[in-house]
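# Inside the fold
The residues making up each chain are set out below.
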Amino acid sequence: MKQATIFIFSFFILYACQKEKNTSLKKGLTITESTVILQDTFKLNGSDSLNQPLINIEGENITVDFNNAVLIGSNDKKWPNEFYGTAVLIEGKNITIKNANIHGFKIAVMANGVDSLKLVDCNFSYNFRQQLKSTREREDVSDWLSHHQNNNDEWLRYGAAIYLKKCNNALVKNINITGGQNGILMTECNAGLFYNNTFQFNSGLGIGMYRSNNNRIMHNQLDWNVRGYSHGIYQRGQDSAGILVYEQSNGNTFAYNSATHSGDGFFLWAGQTTMDTGKGGCNDNLIYKNDFSHAPTNGVEVTFSSNKVIENKMEECRYGIWGGYSFESSFIGNKIDSCNFGIAVEHGQNNDILYNDFKKLKSGIQLWERDQQPADWGYGKNKDIDSRDYKIIHNVFSNTEIPLKISSSKNVLISGNKYEGYKKILASEKPNKNLSMNENIINYNKEELIKKYHIDPLSDGIIAKLPADQLKGRQYILMDEWGPYDFRSPSIWLREIDGNEYTFLLLGPPTGNYKIVDGEGWAKLNRVSGAFPATLIGTKKEGAEYLTLELEFIGEAFTNRFGKYNKKGKLFPFTFKRFEKKFDWQTRFYNYDEKTDPLNNYEAFKNLKNKTPDQSETKKELYYTWWKNPHENINADKFATFSETKFEIENGTYKISLTSDDGTRLFLDGKLMIDHWDIHEPATDVIEVELGGVHKIEVEHFENAGFGTLGFRMEKT
């Protein structure tokens, strides 16, 4: 007995000593040697500057085992768009980070100039993401992403779970990232291997690459990285993507990934250097045996470059492949099913389209060129952009209305294709030159052709595909202000409005029950409780302007969309709110000049509204997007709008959102409430106000040049 007591005592002494050796995380900690972190939860706020990390890891040949410790930042903030700071900055060579859980930061892990970096077995979920302004009925253009520049780390403004810069020979494996905006963003990173990662249900990018070469992106789950979608109403994507490849990124391999339900499955653009000079591009990339299905826009977009798109799956996308200005590219063995369009290429040259399977499309292959190029593109001035020299051979078109739409193209060889269930095989809006449709002229050996591009899966690579019981299809891209729904927590989604009848889809954990505990604005509901999934139909009271449903769920445990764990049996509330106040807007349009310039002569500009407008209109909704002149007698650039509405409203707190490009001012009962009076890209300003009774809102707006927008929205809080 005495020996047993001594053994137990010795064990606890040893455990305590070991615990003391483990490193505790604290703000300002610098790690310069291999370390095991104390297994604990650390709530530490980062710095306002992304260049001042909470923790530094630097040196060579270091392994930092976080030992499943949890690091949580932004503890003084509530919402993901408020998260700030960099958790960990890594600098040095041959550094390994493993078993880390980092949440609540603008950047979870940043590495700069680290050769042979390894990130393994970590969870970097629930970090920064923007609050989206788009709604069920209406896209807000301020939600569009722009990845065109990152030479000065411009992408940092969007946040990222992992941000890598000049990190060659990196290994990123078994990383989980959900509930954020971007998974991995990398610039000038070469020869890395990124595999067996799960980056799903984020509102921006799964993986983004900029000036990065010879990397392998394989066996990753990159699904539901999306924004800008409302089923049956609009499908924009807003430049979200499962995989993004930009600006002189060459020789990369993308294989065996699942990147479904993302804005684009795969989005490649040559970059501004190429657009200005006509040189370079994102060339010699291999896109092989991936699933890019259910994209709101393109399964694959590859533009201004030369690449190989081989044996991928694109189902239920708008375009299977959009290949504008592609040259010396191969599109071989892809399965494109139930898309609007199969493969579309404008101004392409020397491209092979072989052995693809097209099913249930409006058009299969579309080739064309336009009459003139945008004046600000150097590409067309410095490079041949004729639509020419195609081989369209051994493709199968099934139930495709028009298999071939070819216009203004030359030297197009069409041979050995099969057509079933079509209306017209070939449509040409404009004449082609030297288009040959000889169905027996060339015979390729498919096996030999595909073998040329084959790469083996990794020996320990996962089979990246969605679970059999996962709800699939674009109807299950369910978006709200925080991005795509992840199917784990209780939720309610408005699916259809038919007069006063509203149809809802209720989703959540399969074990447990929900019930409706309160609501406003309803004459009748077809059910008040049940299990998920469920369809709820509500009949609105005549004249109701504010509709609400308050629900509760009790059942199995789950993690909600903000990373909070809800234990089994704990009551979980969830809600639906919709404000349907109708307004009568009167908008007047004016052209302005130097004498009435809004920035230099504001009073003269404001006095325009006292004159007869150049155009006017009345609308129920103040929402505009202008790509050109709004009316025949209004200039495309340098025009003004003055909009006003009077309304009566019940007492309450209301949120007003005003999206603009360019300047705008909003006056409530004569008081200036929003002042964004400069030239800017689409942006949304939000205020909260107390209203009740009769009010008047006036909105002044000017468009200086280029794209313009103006959008007003009010919600009851």
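What you see is a predicted model; the values in this text were computed from it and never measured. (Residues numbered from 1 in each chain as written. Predicted model: local features only at pLDDT ≥ 70, side-chain atom pairs only at ≥ 80, totals over all residues. Heavy atoms only, no water.)

Right, let's talk about the overall build of the protein for a bit. For the protein, the helix and strand inventory stands at five helices and 59 strands. In terms of its C-alpha atoms, the protein occupies a principal-axis envelope of roughly 100 × 75 × 55 Å. Sequence-distant contacts in the protein: of pairs separated by 6 or more residues, those separated by 24 or more amount to 60%. Of the roughly 30,800 Å² of accessible surface on the protein, a fraction of 46% belongs to carbon and sulfur atoms. Charge-centre separation for the protein: the mean point of 83 positive side chains lies 4 Å from the mean point of 90 negative side chains. (Helix = DSSP H or I, 4+ residues; strand = E, 2+ residues; numbered from the N terminus. Contact = heavy atoms within 4.5 Å. Areas by Shrake-Rupley, 256 points an atom, 1.4 Å probe, with all protein chains shown as cover. Lys, Arg positive; Asp, Glu negative; His and termini not counted. Charge placed at Lys NZ, Arg CZ, Asp CG, Glu CD.)

Moving on to the nonpolar core. I57, L71, I90, I102, F124, I162 and F266 are the most contacted members of the largest nonpolar core, which totals 82 residues. When residues of this core are assigned to their parent elements, the largest contribution, five residues, is made by strand β6 (residues 86–98). F266 has contacts with I243, V245, F254, I287, F292, G299, V300, E301 and V302, leaving out every residue within four places of it along the chain. F579, F639, I674 and V699 belong to the second-largest nonpolar core, a separate cluster that totals 26 residues. (Core = buried A, V, L, I, M, F, W, Y, C linked by side-chain atoms within 4.5 Å. Buried < 20%, exposed > 50% of the residue type's maximum accessible area, 1.4 Å probe, protein only.)

To continue, consider the sheet that holds strand β44 (residues 512–520). Sheets are built from strands paired through backbone hydrogen bonds, the pairs being either parallel or antiparallel. A sheet is described by the order of its strands in space; here four strands give the open sequence β46-β44-β48-β51, paired in antiparallel fashion. What marks the edges here is a single partner per strand, and that holds for β46 (529–530) and β51 (572–579). Here two bridges tie β44 to β46, and the two strands are oriented antiparallel to one another. The residue bridging Y514 from the neighbouring strand is G530, located in β46. (Pairing = 2+ DSSP bridges.)

Time to look at the packing of aromatic side chains. The description of an aromatic ring pair rests on the distance of the ring centres and on the angle between the ring planes. This structure, assessed with the given rule, holds 51 aromatic pairs. Aromatic side chains Y419 and Y422 sit 6.4 Å apart centroid to centroid with 80° between the ring planes, which places their arrangement in the edge-to-face category. Note on Y419: relative accessible area 17%, which makes it buried. Between W627 and F707, the aromatic rings sit 4.4 Å apart at their centres with planes inclined by 50°, giving tilted as the arrangement. Linking W627 in the loop between β54 (623–626) and β55 (639–661) with F707 in the loop between β58 (683–703) and β59 (708–716), this pair joins segments that are 80 residues apart in sequence. Take F707: its relative accessible area is 19%, and that puts it in the buried class. A connected cluster of aromatic rings, assembled from ring pairs, spans Y590, Y592, Y602, F605, F642, W677 and F702. (Phe/Tyr/Trp six-rings, centres within 6.5 Å; stacked < 30°, edge-to-face > 60°.)

The term disulfide refers to a covalent linkage connecting the sulfur atoms of a pair of cysteines. Applying the stated criterion across every chain yields a total of zero disulfides. The cysteine C122 is free of any disulfide, with C167 supplying the nearest cysteine sulfur at 15 Å. The structure places no disulfide on C189, whose sulfur is separated from the nearest cysteine sulfur, that of C167, by 4.9 Å. Residue classification places C189 among the buried residues on the basis of a relative accessible area of 0%. (Disulfide = S-S within 2.5 Å.)

Below, the discussion takes up the pattern of salt bridges. For the structure shown, the criterion picks out 28 salt bridges. Note that E650 is salt-bridged to K716, the shortest N-O span being 2.4 Å. In this pair, E650 sits in strand β55 while K716 sits in strand β59, placing the two residues 66 residues apart along the sequence. You can call E650 partly exposed: its relative accessible area is 46%. Beyond isolated ion pairs, a larger network of salt bridges with shared partners links R136, E137, K540, R578 and E580. (Salt bridge = Lys/Arg side-chain N within 4 Å of Asp/Glu carboxyl O.)

Of note, the amide linkage connecting F532 to P533 takes the cis form, showing an omega dihedral of -10°. The topology assignment puts P533 in the loop between β46 and β47 (534–540). D662 follows D661 through a cis peptide bond whose omega is 15°. Of note, the phi angle at H347 is positive, near 55°, even though the residue is not glycine. Structurally, the position occupied by H347 is in the loop between β29 (341–346) and β30 (349–354). Classification of H347 as buried rests on a relative accessible area of 3%. A positive phi angle, near 60°, is found at N434, a position not held by glycine. Relative to the assigned elements, N434 resides in strand β39 (residues 433–437).

All chains considered together, the criterion is met by two cavities of 30 Å³ or more. Lining the largest cavity are 13 residues, and of these N127, A161, G180, Q181 and N182 lie nearest its centre. Its volume calculated, the second largest cavity comes out at about 40 Å³. Lining the second largest cavity we find R129, G179, F201, W482, P484, D486 and R561. (1 Å grid on protein atoms, 1.4 Å probe; cavity = no way out; pocket = protein on both sides within 12 Å on 5 of 7 lines; lining within 4 Å. Points joined across faces, edges and corners; volume = space filled by probe spheres on them.)

A few words on the sheet that holds strand β28 (residues 335–337). In spatial order, the strands read β25-β28-β31-β34-β37; together these five strands make up an open sheet with parallel pairing. Each edge of the open sheet is held by one strand with a lone partner, namely β25 (313–315) and β37 (418–420). Within the sheet, the average angular offset between the axes of one strand and its neighbour, ignoring direction, is 5°. Pairing analysis gives three bridges linking strand β34 (residues 396–398) to β37, with the strands arranged parallel. Counterpart to V396 in the pairing with β37 is K418. (Axes fitted to C-alpha atoms, helices over the stretch in contact; angles between N-to-C directions.)

No statement about biological role is implied by the geometric values presented.
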